[in-house]
Amino acid sequence: MKVLHVSFSDYPGGAGIAAASIHKALLDQGVDSRFLCCRKQRDTPEAVVYGAATRRYVNALQNRLIQKTIK
């Protein structure tokens with residue numbers, strides 16, 4: 001199984017810290033886990049910082065998911 005965690009940052013904030021913790025725990029269990037964030041402030045393993053183009057894609061995807069949820 002491949003897992004992708006998407007968060008604005010890996011630290012501070014509860015969501016970023018939780019995503020980074022879950023990501024690290026999955027890596028320790030041997031799961032193919034990736035962590036995608038806009039702002040990396042810790043040494044989170046395998047964390048990838050995305051740029052403006054990826055941020056626009058993530059925002060568009062998020063908007064589509066929200067619209068489908070509302071419907």
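Described in the following lines is the structure provided in the data block. (Residues numbered from 1 in each chain as written. Predicted model: local features only at pLDDT ≥ 70, side-chain atom pairs only at ≥ 80, totals over all residues. Heavy atoms only, no water.)

1. Brief notes about the sheet that holds strand β1 (residues 2-9)
Taken together, 3 strands build an open sheet; the order of strands is β1-β2-β3 and the sheet is parallel. In this open sheet, the two strands that pair with only one neighbour each are β1 and β3 (47-49). Going from strand to strand, the sheet's axes swing by 25° on average, the running direction of each strand aside. The pairing of β1 with strand β2 (residues 32-39) spans 7 bridges and is parallel. Bridge pairing in β2 links Ser-9 to Arg-39. (Pairing = 2+ DSSP bridges. Helix = DSSP H or I, 4+ residues; strand = E, 2+ residues; numbered from the N terminus. Axes fitted to C-alpha atoms, helices over the stretch in contact; angles between N-to-C directions.)

2. Focus: a nonpolar patch on the surface
Together, Tyr-57, Leu-61 and Leu-65 line one region of the surface with nonpolar side chains, adding up to about 310 Å² of accessible area. Following the sequence through the fold, Tyr-57 ends up in helix α2 (residues 52-70). (Patch = residues over 30% accessible without salt bridge, like charges linked within 9 Å, V, L, I, M, F, W, Y side chains within 5 Å. Areas by Shrake-Rupley, 256 points an atom, 1.4 Å probe, with all protein chains shown as cover. Salt bridge = Lys/Arg side-chain N within 4 Å of Asp/Glu carboxyl O.)

3. A word on the pattern of salt bridges
Inspection of the entire model under this criterion finds 2 salt bridges. With a shortest N-O distance of 3.4 Å, Asp-28 and Lys-24 are connected by a salt bridge. Pair noted here: Asp-28 and Lys-24 are both in helix α1 (residues 14-28), with a separation of 4 residues, about one helical turn. Judged by its relative accessible area of 56%, Asp-28 is exposed. Here Lys-24 falls in the partly exposed class, since its relative accessible area comes to 43%. We note a salt bridge from Arg-34 to Asp-32, for which the minimum N-O separation is 3.4 Å. Exposure remark for Arg-34: the relative accessible area of 42% places this residue in the partly exposed category. Taking relative accessible area as the criterion, Asp-32 reaches 30% and is therefore assigned partly exposed. (Buried < 20%, exposed > 50% of the residue type's maximum accessible area, 1.4 Å probe, protein only.)

4. Structural notes on the pairing of β2
Traced from β1 through α1 to β2, the parallel crossover comes out right-handed. With 3 bridges connecting them, β2 and β3 associate as parallel partners. Counterpart to Cys-37 in the pairing with β3 is Val-49. (Right-handed = clockwise from strand over helix to strand, strands pointing away.)

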